[in-house]
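So the chains spell out like this:
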Amino acid sequence: MKNIIFLAPPAAGKGTLSEMLVEKYGYGHISTGDLLREEIKNKTEIGKQAESLMKEGKFVSDEVIIELISNRITKSDCENGYILDGFPRTLNQALKYDELLDRLGKELGVVIYINIDKEVAMKRACSRITCPKCGRIYNKYSNEMKPKKDGMCDDCNVPLTQRADDSEETFIKRFDEYVNKTMPLYDYYKNKGVLKVIEAHESKFETFNDAVKIIED
Ligand code: ADP
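Residue indices begin from 1 for each chain and proceed along its sequence in written order. Where local features are concerned, this predicted model is filtered to residues with pLDDT of at least 70; where side-chain atom pairs are given and counted, the filter is 80 or more; whole-chain, interface and lining totals use all residues. Note that the side-chain values use all heavy atoms of the structure and ignore hydrogens as well as water.

A.B. asks: For this particular structure, what's the right way to read the sheet that holds strand S2 (residues 28-31)?
C.D. replies: To summarise the sheet geometry, strands pair through backbone hydrogen bonds and adopt either a parallel or an antiparallel arrangement. Any two strands between which DSSP finds at least two bridges are classified as paired. A helix here means a DSSP run of H or I that spans at least four residues, while a strand means a run of E at least two residues long, and both kinds are numbered starting from the N terminus. Read from one edge to the other, the open sheet built from five strands follows the order S2-S3-S1-S4-S7, with strand pairing classed as parallel. Every interior strand has two partners, whereas the edge strands, S2 and strand S7 (195-199), have only one. When the angles between neighbouring strand axes are averaged without regard to direction, this sheet yields 20°. Pairing analysis gives three bridges linking strand S1 (residues 4-7) to strand S3 (residues 82-85), with the strands arranged parallel. Each residue of the ladder has a partner; that of phenylalanine 6, found in S3, is aspartate 85. Together, S2 and S3 form the strand contacts of helix H2 (residues 32-41), whose direction differs from that of S2 by roughly 70°. Axis geometry follows a simple rule: fit a line to the C-alpha atoms, using only the stretch in contact for helices, then measure angles between N-to-C directions, giving values from 0 to 180 degrees. For this analysis, residues touch if any pair of their heavy atoms sits within 4.5 Å.

Structure below.
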């Protein structure tokens, strides 16, 4: 299976789409946001550094992220292919990642850009809730994505929580950080000839079908 990099603004649906593709194809799923939130939960050195930056909508340092990624892509669940959800997010990370792939003899695969309007993404972020136990993503205002029982995870039956960085104020900062630092990757991967673009449709199934077409091409 071709490895996948999702390139997209915050709340475009990378996490949801990744979950669906993992289920269909058995990819390893690497979400740098989830890895960082895990470090925060476990109160590690990395977690302590990351917590305030993430709350302010700023990026965590490239060194920390590269270390997390190199430890993660060599795990056995990534052997047959993996999805990078939230990495690389800066040009420097992309360059370091190319070096890492060379060292490990792995292929870059395909880069899928998910296109979404800022206003739509903001609405999604502010109504996103997740299960603290299994990580499943829900959305209060989407018929398709709301939990069966208000505020509770369908599978774990525990209360759903909102991410600390999903407030309107932090979202705007995250979006600006994305435009300044992540958008240059669009051209970087386009020039390499590995970039594909899909739309963040209102229905996650429509977006999923577009991604499947690219993967099975
Ligand atoms: P979303 O799914 O909304 O895009 P993520 O969960 O991927 O958000 O990321 C949340 C936050 O974690 C980011 O705003 C940033 O502070 C930090 N982060 C995640 N991935 C990276 C990365 N590759 N480089 C730097 N910071 C990152």
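A.B. asks: Got a minute to help me understand the nonpolar core in this structure?
C.D. replies: Grouped burial of nonpolar side chains is what soluble globular proteins tend to show. Put simply, buried Ala, Val, Leu, Ile, Met, Phe, Trp, Tyr and Cys residues joined by side-chain atoms within 4.5 Å make one nonpolar core. The classification of residues rests on relative accessible area computed with a 1.4 Å probe and restricted to protein chains. Under 20% of the type maximum is buried, over 50% is exposed, and intermediate values are partly exposed. Judged by nonpolar contacts, the single largest core of 32 residues is most densely connected at Leu36, Ile69, Tyr82, Leu84, Tyr97 and Tyr189. When residues of this core are traced back to their parent elements, those giving at least two are S1, H2, helix H3 (45-55), helix H4 (62-72), S3, helix H5 (91-104), strand S4 (110-115) and helix H8 (184-192). When residues in this core are grouped by element, the largest group, five residues, is from H4. With residues up to four places along the chain from it excluded, the contact list for tyrosine 97 reads Ile5, Ile66, Ile73, Tyr82, Leu84, Phe87 and Leu108. Within the second largest apolar cluster, 25 residues are counted, among which are Ile83, Ile116, Val212 and Ile214.

A.B. asks: Sorry if this is basic, but what is going on with unusual backbone geometry here?
C.D. replies: Glycine aside, the phi torsion of most residues is negative, and most peptide linkages are trans. That bond from phenylalanine 87 to proline 88 is cis: its omega, -10°, falls within 30 degrees of zero. Positive phi outside glycine occurs at alanine 11, with the angle close to 65°. Here alanine 11 is to be found in the loop between S1 and helix H1 (14-25). Overall, the relative accessible area of 8% leaves alanine 11 in the buried class. For lysine 43, which is not glycine, the phi torsion reads 50° and is therefore positive. If you trace the backbone, lysine 43 turns up in the loop between H2 and H3. Using a relative accessible area of 64% as the deciding quantity, one classes lysine 43 as exposed.

A.B. asks: Got a minute to help me understand the site of the ligand in this structure?
C.D. replies: Neighbouring residues of the ligand: 20 residues in total, closest Lys14, Thr32, Lys58, Gly86 and Arg174. Counting of polar contacts relies on pairs of N or O atoms within 3.5 Å, with two restrictions inside protein: one atom must be capable of donating a hydrogen and the other of accepting it, and residues adjacent in sequence are counted only when both atoms are side-chain atoms. In the model, a nitrogen atom of the ligand is placed 2.8 Å from a nitrogen or oxygen of the threonine 32 side chain. Here the open area of atoms and residues is found with the Shrake-Rupley method and a 1.4 Å probe, where only the protein chains shown may cover a residue. In the complex, 97% of the free accessible area of the ligand, which totals 560 Å², lies under the protein chains. Per-element accounting of the shell around the ligand gives the leading share, four residues, to H2. We call Asp, Glu, Lys and Arg charged. Ala, Val, Leu, Ile, Met, Phe, Trp, Tyr, Cys and Pro are nonpolar, and the rest, Gly among them, are polar. The residue inventory of the shell around the ligand, partitioned by class, reads eight nonpolar, four polar and eight charged. The cutoff for a nearby residue is simple: one of its non-hydrogen atoms must lie within 4 Å of the molecule or strand.

A.B. asks: Please explain the packing of H5 against H8 as it appears in this structure.
C.D. replies: The angle between the axes and the distance between the axes are what describe a pair of packed helices. At their nearest, the axes of H5 and H8 sit 9 Å apart, and the two run at 35° to each other. Regarding H5 and H8, the two cross each other, and that crossing is right-handed. Residues Leu91, Ala94, Leu95 and Asp98 of H5 pack against Leu185, Tyr188, Tyr189 and Lys192 of H8. Of the residues assigned to the contact of H5 with H8, the class counts are six nonpolar, no polar and two charged. Two helices crossing with the near one rotated counterclockwise from the far one by less than a right angle form a left-handed crossing, whereas a clockwise rotation gives a right-handed crossing.

A.B. asks: How should I be thinking about the pattern of salt bridges in this particular structure?
C.D. replies: Oppositely charged side chains can pair when the atoms bearing their charge come close. Every case where a carboxyl oxygen of Asp or Glu lies within 4 Å of a side-chain nitrogen of Lys or Arg is listed as a salt bridge. Under the defined criterion, the tally for this structure stands at 17 salt bridges. Arginine 136 serves as the salt-bridge partner of aspartate 155, at 3.0 Å between the closest nitrogen and oxygen. Here aspartate 155, found in the loop between strand S6 (137-139) and helix H7 (168-182), pairs with arginine 136, found in the loop between strand S5 (128-130) and S6; they are 19 residues apart in sequence, far enough to count as distant. Lysine 173 is paired through a salt bridge with glutamate 169; the nearest N and O atoms lie 3.8 Å apart. Of the two residues, lysine 173 and glutamate 169 both sit in helix H7, four residues apart, roughly one turn of that helix. By relative accessible area, which is 40% here, lysine 173 ends up partly exposed.

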